[in-house]
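Single-letter residue listing:
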Amino acid sequence: MSAINLLRELLKASEKAANIARVCRQNPNLFSLLVQEKEKDESNTRFVHDFKTLADCLIQEMIKHDIAKQFPELRDNIRGEENATFTNTMGESIIVSVTDDPRNTLEALEKILNGDKVSAAALVDEVYRSAEIDMESLELPIDSIPLDNDWSELGIWIDPIDGTAEYIKGEEKLTKFPNIASSGLKCCTVLIGVYETCQGTPILGVINQPFAEKINDQEEFRGEYRSKIFWGLSVGDLQFNNIAPHETDARIAILSPSEQSKYVEFIRNQLKYDVIYSSGAGYKILKIATGEAELFLLSKGTTYKWDTCAPQAILRSMNGDLFDLQDTLINKSVKKISYQDRKVTRNLGGLIAYQNIEKLREFLKL
């Protein structure tokens, strides 16, 4: 059992996902058909309106299919954010599925898209296309890294497009720090996280930013954008990732725009951080991993396991981690976010993330 073989497949799946996201957003006619409001029991309580798109559903089902095809033992342990049922404008409910037969997927998409065969075919082409990805540039370990667990003892959480609202709006806004976006497509990420089910510990994470860089060659990269991909692997005492630490003189705390004022004031006035606001849980935690921000805090229980599994695995590969905020504050101990209980999908106690655990201990003293 090689962790590198699994990592390679996750990287390929993430880039296929990025291609689908770009194709869906590039075509105005197709994009206008894709947005569907989520049912109330599926929506994030932070937002008055929450959305799922066909891109979300299709990406999730594609990743599940591709990974399960390579690693059949994982099939029943791959879960994602989205309900795979989509309703078209005629009121028909259709299950988005990806199988070995492209014709099945094409038939479902044509129904969802009200008979739009051209758009459906374009999406199917991306689903079954082999992703072109430069593995060498992603700095994978040369040696095989054995896993301590059987495949059946691993679970996978997928967030097909973290930051769906940003994906839909697409309005780009930067903070005063040019490497950190406040909102827009840069905040959108594809998140794939692997955890071991016995202890609930994340061990492997991939984050793909489909809209990281604008380019000119539309045909090659589908939609004027190029991905940026980050990964982290932590198995036993072995830690690997492809992140080059970012050096900054500023002390930056990255928060949600809806964060409670008492936390904002404490972080700004007592801890002396520059406070900036940004969208997308995966994106904000990624900025902690890259070192472009030092502290991420979210006081409300508005994130889910699919939001945090991949970025937490990357943090762990750098000696950082993601913790339950309320439990940490109440008990003055560091309780890590766990994925052991399959029934609990929400991070109810909020979150706090540091790349440097000693910085977290300093925070607790105050």
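If you check an unreviewed UniProt entry, the protein appears there as inositol-1,4-bisphosphate 1-phosphatase from Anopheles christyi. In UniProt, the protein has this text filed under Sequence similarities (unreviewed entry): "Belongs to the inositol monophosphatase superfamily."

(A) Structural context of the UniProt feature "binding site: Mg(2+)" (unreviewed entry) in the protein. Feature annotation in UniProt assigns "binding site: Mg(2+)" (unreviewed entry) to the following positions: Glu 81, Asp 159, Ile 161, Asp 162 and Asp 307. These annotated residues cover 227 residues of sequence, and their C-alpha atoms lie no more than 9.7 Å from one another, placing them together at a single site. Mapped onto the elements of the fold, Asp 159 is located in strand S6 (residues 154–162). Ignoring sequence-local partners within four residues, the contact set of Asp 159 consists of Glu 81, Thr 189, Val 190, Leu 191, Trp 306 and Asp 307. Considering the arrangement of structural elements, one finds Asp 162 in strand S6. Note on Asp 162: relative accessible area 5%, which makes it buried. In contact with Asp 162, not counting residues within four places along its chain, are Cys 187, Cys 188, Thr 189, Leu 191, Gly 280, Ala 281, Gly 282, Tyr 283 and Asp 307. From its side chain, Asp 162 meets the backbone nitrogen of Ala 281 in a polar contact 3.4 Å long.

(B) Quick peek at the packing of helix H1 (residues 3–26) against helix H3 (residues 54–70). Taken N-terminus to C-terminus, the directions of H1 and H3 make an angle of 155°; their axes are 10 Å apart at the nearest point. The orientation of H1 relative to H3 falls into the category roughly antiparallel. For the element pair H1 and H3, the recorded crossing hand is right-handed. Side by side, H1 and H3 meet where Glu 9, Leu 10, Ala 13, Lys 16, Ala 17, Ile 20, Ala 21 and Cys 24 of the first sit next to Ala 55, Leu 58, Ile 59, Met 62, Ile 63, Asp 66, Ile 67 and Gln 70 of the second. In terms of residue class, the contact of H1 with H3 is built from 12 nonpolar, one polar and three charged.

(C) Region of interest: the nonpolar core. Residues Leu 6, Leu 11, Ile 63, Ile 67, Leu 74 and Tyr 167 are the most contacted members of the largest nonpolar core, which totals 62 residues. Of all the secondary-structure elements, those providing two or more residues to this core are H1, H3, helix H4 (102–112), helix H5 (117–127), S6, strand S9 (189–196), strand S10 (201–214) and strand S11 (225–235). No other element matches the 12 residues that H1 contributes to this core. Leave out the neighbours within four places in its chain, and Leu 6 touches Phe 71, Leu 74, Trp 151, Leu 154, Val 194 and Leu 204. Formed by 33 residues, the second largest nonpolar core is a distinct cluster that contains Ala 181, Cys 187, Ile 288 and Cys 309.

(D) Structural context of the packing of aromatic side chains. Across all of its chains, the model carries eight aromatic pairs by this definition. Geometrically, the ring pair formed by Phe 211 and Tyr 225 is edge-to-face, given 5.1 Å between the ring centres and 85° between the ring planes. Pair noted here: Phe 211 is in strand S10 and Tyr 225 is in strand S11, with a separation of 14 residues, a long-range link. Among the residues examined, Phe 211 registers a relative accessible area of 3% and is labelled buried. Residue Tyr 225 is classed as buried on the basis of its relative accessible area, which comes to 11%. Taken together, Trp 157, Tyr 304 and Trp 306 form an aromatic cluster joined through their ring pairs. A cation sits over an aromatic face here: Arg 251 above Tyr 273, 4.1 Å from the ring centre. One Lys or Arg, Lys 305, reaches over the ring of Tyr 339 and ends 5.3 Å from the middle of that ring.

(E) Geometry of the sheet that holds S9. Read from one edge of the open sheet, six strands run S3-S6-S9-S10-S11-S12, paired in mixed fashion. Across the chains shown, the open sheet's two edge strands, defined by having one partner strand only, are strand S3 (78–80) and strand S12 (238–241). This sheet shows a mean twist of 15° between the axes of neighbouring strands, independent of strand direction. Packed onto the sheet, H3 meets S3, S6 and S9 and runs at close to 150° relative to S6. Of the strands in this sheet, S3, S6, S9, S10, S11 and S12 touch helix H10 (residues 305–316), which is tilted by about 100° from S10.

(F) Geometry of H1. Taking 1.5 Å of rise per residue, the 24 residues of H1 would be expected to cover 34 Å, and the 35 Å separating its terminal C-alpha atoms lies within 8% of that figure. Taken across its 24 residues, H1 has 19 buried, putting it largely inside the fold. The N-cap residue of H1 is Ser 2: its side-chain oxygen and the backbone nitrogen of Ile 4 are 3.2 Å apart.

(G) Representation of the pairing of strand S13 (residues 252–255) in the model. Residues Ile 252 and Ile 254 point to one face of S13 and Ala 253 and Leu 255 to the other, with burial holding for every one of them. Where S13 meets strand S14 (residues 274–277), four bridges bridge the pair, whose relative direction is parallel. The residue bridging Ile 254 from the neighbouring strand is Ile 276, located in S14. Crossover handedness for the path S13 to helix H8 (residues 261–270) to S14: right-handed. As defined by bridge partners, S13 adjoins strand S15 (residues 295–298) across three bridges and the pair is classed as parallel. Within S15, the residue paired with Leu 255 across the bridge is Leu 297.

Cut-off values and rules
- Counting starts from 1 at the beginning of each chain's written sequence and moves along it residue by residue.
- The predicted origin of the model limits local features to residues at a pLDDT of at least 70 and limits the giving and counting of side-chain atom pairs to 80 or more, whereas totals for whole chains, interfaces and linings rest on all residues.
- Water and hydrogen atoms play no part in the side-chain values, which are based on all heavy atoms of the structure.
- UniProt positions are given in the numbering used here, feature names are shortened, and annotations may be inferred rather than shown by experiment.
- Elements are defined by DSSP. Helices are runs of H or I of four residues or more, strands are runs of E of two residues or more, and each kind is numbered from the N terminus.
- Should any heavy atoms of two residues lie within 4.5 Å, those residues are considered in contact.
- Relative accessibility thresholds used throughout: buried, under 20% of the residue-type maximum; exposed, over 50%; partly exposed, between the two (1.4 Å probe, protein chains only).
- Whenever two N or O atoms come within 3.5 Å, that pair is a polar contact, provided that in protein one can donate a hydrogen and the other can accept it, and provided that, for residues adjacent in sequence, both atoms are side-chain atoms.
- Only the stretch in contact is used when fitting a helix axis, every axis being a line fitted to C-alpha atoms; angles between N-to-C directions are given from 0 to 180 degrees.
- Relative orientations are named as follows: roughly parallel for angles under 35 degrees, roughly antiparallel for angles over 145 degrees, roughly perpendicular for angles from 65 to 115 degrees, and oblique for any other angle.
- The crossing is said to be left-handed when, going from far helix to near helix, the turn is anticlockwise and less than a right angle, and right-handed when the turn is clockwise.
- Gly is put with the polar residues, along with every residue not named as nonpolar or charged; the nonpolar set is Ala, Val, Leu, Ile, Met, Phe, Trp, Tyr, Cys and Pro, and the charged set is Asp, Glu, Lys and Arg.
- Note on terminology: a nonpolar core comprises buried Ala, Val, Leu, Ile, Met, Phe, Trp, Tyr and Cys residues joined through side-chain atoms within 4.5 Å.
- Working definition: a ring pair exists when centres of Phe, Tyr or Trp rings (six-membered ring for Trp) sit within 6.5 Å. Plane angles under 30 degrees give stacked, over 60 give edge-to-face, the rest tilted.
- A ring is scored as having a charge over it whenever the NZ atom of a lysine or the CZ atom of an arginine sits within 6 Å of its centre and within 35 degrees of its normal.
- If DSSP finds at least two bridges between two strands, the strands pair.
- Helix span, as expected, comes to 1.5 Å for every residue beyond the first.
- A right-handed crossover is one whose linking path, passing over the helix from the first strand to the second, runs clockwise when the strands point away from the viewer.

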